[in-house]
Amino acid sequence: MKYLVTGGAGFIGANLAFTLSGERKAKVAILDNFSSGNFKNLHGFQGDIITDDIRNDAWFDKAGTVDAVFHEAAITDTTIHDQNKMMDVNVEGFRNVLRFALETGVKRVVYASSAGVYGNGACPMKEDQFLTPENVYGFSKAIMDNVAREFAEAHKDMTLVGLRYFNVYGPREYYKGAAASMMYQLYLQMKAGKRPRIFKFGEQMRDFVYVKDIVRANLNALDAEKSCVVNAATGAPENFNKVIDCLNKAMGTDIAPEYFDNPYGFFQLKTQADLRHAKALLNYRPEWNLENGIADYVKEMKKSGI
Ligand SMILES: NC(=O)c1ccc[n+]([C@@H]2O[C@H](COP(=O)([O-])OP(=O)(O)OC[C@H]3O[C@@H](n4cnc5c(N)ncnc54)[C@H](O)[C@@H]3O)[C@@H](O)[C@H]2O)c1
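Thresholds applied
- Residues numbered from 1 in each chain as written.
- Predicted model: local features only at pLDDT ≥ 70, side-chain atom pairs only at ≥ 80, totals over all residues.
- Heavy atoms only, no water.
- Helix = DSSP H or I, 4+ residues; strand = E, 2+ residues; numbered from the N terminus.
- Buried < 20%, exposed > 50% of the residue type's maximum accessible area, 1.4 Å probe, protein only.
- Contact = heavy atoms within 4.5 Å.
- Polar contact = N/O pair within 3.5 Å; in protein donor to acceptor, adjacent residues only side chain to side chain.
- Expected span 1.5 Å × (residues − 1).
- Pairing = 2+ DSSP bridges.
- Axes fitted to C-alpha atoms, helices over the stretch in contact; angles between N-to-C directions.
- Domains from an automatic or database assignment.
- Buried area = accessible area lost by both parts, 1.4 Å probe.
- Salt bridge = Lys/Arg side-chain N within 4 Å of Asp/Glu carboxyl O.
- Disulfide = S-S within 2.5 Å.

Draft legend 1. Up close: the side chain of S140. Position of S140 relative to the elements: it lies in helix α4 (residues 136-154). Note on S140: relative accessible area 0%, which makes it buried. In this structure, S140 is in contact with M86, M87, N90 and V91, ignoring residues within four places of it in sequence.

Draft legend 2. The side chain of D53, seen in detail. Inspection of the secondary structure assignment puts D53 in the loop between β3 (48-51) and α2 (59-63). Looking at D53, its side chain comes within polar contact range of the side chain of R55, at 2.8 Å. In contact with D53, not counting residues within four places along its chain, are N33 and W59.

Draft legend 3. Structural view of α4. Over its 19 residues, α4 runs 27 Å from end to end, which matches the ideal 27 Å to within 8%, given 1.5 Å per residue. The complete set of buried residues in α4 reads V136, Y137, G138, S140, K141, A142, M144, D145, V147, A148, F151 and A152. For α4, the secondary structure elements touched by its buried residues are β4 (68-71), α3 (83-104), β5 (108-114), β6 (159-165) and β11 (228-232).

Draft legend 4. Just the sheet that holds β3, in detail. The strand order across the open sheet formed by 7 strands is β3-β2-β1-β4-β5-β6-β11, and the pairing between neighbours is parallel. Only two strands of the sheet have a single neighbouring strand rather than two, namely β3 and β11. Taking the axes of each pair of neighbouring strands and ignoring which way they run, one obtains an average angle of 20° across the sheet. Here 4 bridges tie strand β2 (residues 27-32) to β3, and the two strands are oriented parallel to one another. In the strand pairing of β3, A29 is matched with D48. Those strands touched by α3 are β1 (2-6), β4, β5 and β6, and its axis lies near 175° from that of β4. The sheet strands contacting helix α6 (residues 211-221) are β4, β5, β6 and β11, and the helix crosses β6 at an angle near 165°.

Draft legend 5. Quick peek at the pairing of β11. Taken across its 5 residues, β11 has 4 buried, putting it largely inside the fold. As judged from the 5 bridges shared by β6 and β11, these two strands associate in the parallel manner. Within β11, the position partnered with L163 by the bridge is V230.

Draft legend 6. Region of interest: the domain arrangement of the protein chain. The domain architecture assigned to the protein chain consists of domain 1 (2-169 + 210-233 + 272-287) and domain 2 (174-205 + 237-269 + 296-303). If you average the C-alpha positions of domain 1 and of domain 2, the two centres end up 26 Å apart. Domain 1 puts 15 residues into the contact, and the matching count from domain 2 is 13 residues. Carbon and sulfur atoms make up 61% of the area that domain 1 and domain 2 hide from each other, which totals about 1,200 Å². Of all residues in domain 1, N120, Y169 and Y210 give up the largest surface area on contact with domain 2, accounting jointly for 36% of the area buried on that side. At the boundary of domain 1 with domain 2, the tally comes to 2 salt bridges. Salt-bridge contacts for E300 lead to K212; the nearest nitrogen and oxygen are separated by 3.8 Å.

Draft legend 7. Region of interest: the state of the cysteines. Enumeration over the complete set of coordinates arrives at 0 disulfides. No disulfide involves C123; its sulfur sits 20 Å from that of C246, the nearest cysteine. With a relative accessible area of 31%, C123 lands in the partly exposed category. Its relative accessible area of 5% is what places C246 among the buried residues.

Draft legend 8. Seen up close, the pattern of salt bridges. Tallied over the full model, the rule gives 16 salt bridges. Here D261 and K200 are joined by a salt bridge, their closest N and O atoms 3.2 Å apart. Of this pair, D261 sits in the loop between β13 (258-260) and α8 (276-282) while K200 sits in the loop between β8 (197-199) and β9 (205-206); the two residues are 61 residues apart in sequence, bridging distant segments of the chain. K200 gets classed as partly exposed once you look at its relative accessible area, which sits at 39%. Between D274 and R276 there is a salt bridge; the shortest N-O distance is 2.7 Å. Look at the salt bridges and you will find they share partners, linking K212, D296, K299 and E300 into a network.

Draft legend 9. Expanded view of α3. Here α3 is 22 residues long and its end C-alpha atoms lie 31 Å apart, about the 32 Å a rise of 1.5 Å per residue gives. Contact partners of the buried residues in α3: β1, α2, β4, β5, α4 and β6. Sitting at the amino-terminal end of α3 is D82, which places a side-chain oxygen 3.2 Å from the backbone nitrogen of N84. Downstream of α3 by one or two residues, G105 has phi in the positive range, about 80°.

And the structure:
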């Protein structure tokens, strides 16, 4: 099998590319413009890399024929408010990837959507609830889901699977800077012997999901029988105090958080995925809870000298 992973130099794409080429023994080509990804995520990668923008089509010939596309490339920094740029890269870029699939006969596209589509919506968040994204990033992902739905309706021989990732953390997110997960930011603070800083009083809840579960959701999407958009998370939200507890446990430290006022007008109080569709349509079952995920992640970071 041969797969194309767009955004493969980034956090999730690189984890996916290694699992596809390692565990699945597939040929993998990565398409990335290295805008937020980094070659160091790909040390040891055995496949090809096409350096281009997803919005171009010069890469179509270089990518050649593939069995499926995993589309991870996007502007992923949710604090970017340039609406034109966000919509152009995320939506028009996706449309171009779908055009590639159509023109080269690819029958399956798995793409990254986001829990950002739900904004501060009701929990547990269901795929068919009214979407109220709070920023243009979440809005771009909601429009990608609309584009995918219409495309799948028009091309019944193709399977399009959208995965609405919740808060993903894990190895190879190191180059995302401020956009990296809270697990990573807090780990660095604690490792430097500082008190981890979180908004008062650490009670906001997130459906944190370990990247190994996200990779699994992508692999399961290869077997999906029909096009769909489903949540990818744990379904079991935890708060930021618990994150610090788990980090202390994994790092062998006992550092209390330092609370500070939330400077933003908007901040989600809770996210939680409803996983019924993911279970029914992808046979997806998260294997990592917060404690195990953080313990594994800390082990990986120590191994990498971080
Ligand atoms: N990490 C999360 O918690 C999370 C949550 C929800 C959804 N997602 C989605 O998952 C996908 C992967 O996110 P990530 O966390 O790995 O982010 P990332 O920023 O590490 O990876 C994105 C990759 O896309 C590449 N890219 C960006 N624009 C490009 C373009 N125009 N052409 C070619 N390549 C381009 C970047 O260089 C980078 O390697 C994204 O679509 C993101 O929106 C991530």
